[in-house]
Amino acid sequence: MQFFFEVLIGGLLAGVMYSLVALGFVLIYKASGVFNFAQGSMVFFAALTVVGFIGKGAPLWLAIGLCLMVMILLGIAI
């Protein structure tokens, strides 16, 4: 029964991520009228940043916070 709930929660979280990325594509297209697929690379960069911080020994909550700061700075720079 525990395996079922793990798979269920994992599937729901994956679906939430897909829906957020798709919502971002729609918002960019509706605002500019141009298909911009750079958002996928930003999501990929954020995921790799979190994994990198965890690999250096940071706990998950700290890695997510640091990633948020890095992504804000990257957004400002772009």
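Residues numbered from 1 in each chain as written. Predicted model: local features only at pLDDT ≥ 70, side-chain atom pairs only at ≥ 80, totals over all residues. Heavy atoms only, no water.

> Is there a simple way to think about a nonpolar patch on the surface in this case?
A surface patch of nonpolar side chains, about 770 Å² in accessible area, is lined by Met-1, Phe-4, Phe-5, Leu-8, Ile-9, Leu-12 and Leu-13. For Phe-5, a relative accessible area of 39% puts it in the partly exposed group. (Patch = residues over 30% accessible without salt bridge, like charges linked within 9 Å, V, L, I, M, F, W, Y side chains within 5 Å. Areas by Shrake-Rupley, 256 points an atom, 1.4 Å probe, with all protein chains shown as cover. Salt bridge = Lys/Arg side-chain N within 4 Å of Asp/Glu carboxyl O. Buried < 20%, exposed > 50% of the residue type's maximum accessible area, 1.4 Å probe, protein only.)

> Before we go on, may I ask you to explain the environment of Leu-23 in this structure?
Relative to the helices and strands, Leu-23 resides in helix H1 (residues 2–32). Judged by its relative accessible area of 47%, Leu-23 is partly exposed. Distance from Leu-23 to Phe-5, taken between C-alpha atoms, is 27 Å for residues 18 residues apart in sequence. (Helix = DSSP H or I, 4+ residues; strand = E, 2+ residues; numbered from the N terminus.)

> Even after reading the chapter, I still don't get the packing of H1 against helix H2 (residues 38–55), so can you show me in this structure?
Packed helices, taken two at a time, are described by the angle their axes make and the gap between the axes. The contact between H1 and H2 brings their axes to 10 Å, and the two run at 145°. Handedness of the H1/H2 crossing: right-handed. Between H1 and H2, the contacting residues are Met-17, Leu-20, Val-21, Gly-24, Phe-25 and Ile-28 on the first element and Gln-39, Gly-40 and Val-43 on the second. When the residues that make up the contact of H1 with H2 are grouped by side-chain class, the tally is six nonpolar, three polar and no charged. (Axes fitted to C-alpha atoms, helices over the stretch in contact; angles between N-to-C directions. Left-handed = near helix turned anticlockwise from the far one by under 90°. Contact = heavy atoms within 4.5 Å. Nonpolar A, V, L, I, M, F, W, Y, C, P; charged D, E, K, R; others polar.)

> Honestly, the packing of H2 against helix H3 (residues 60–77) in this entry has me stumped. Any pointers?
Where H2 meets H3, the closest approach of the two axes is 9 Å, and the angle between their N-to-C directions is 140°. Taken together, the axes of H2 and H3 lie oblique to each other. Viewed along their axes, H2 and H3 form a crossing whose handedness is right-handed. Only Leu-60, Ala-63, Ile-64, Leu-66, Cys-67, Val-70, Met-71 and Leu-74 of H3 make contact with H2, whose side of the interface consists of Met-42, Phe-45, Ala-46, Thr-49, Val-50, Phe-53 and Ile-54. (Parallel < 35°, antiparallel > 145°, perpendicular 65-115°, else oblique.)

> Can you help me understand the confidence of the model for the protein in this one?
Detailed conclusions should not be drawn from predicted coordinates in areas where pLDDT is low. Confidence in the prediction for the protein averages 91 pLDDT; 100% of positions are at 70 or higher. Ranking the elements of the protein by mean pLDDT puts H2 last, at 90, and H3 first, at 94. (pLDDT = per-residue confidence, 0-100.)

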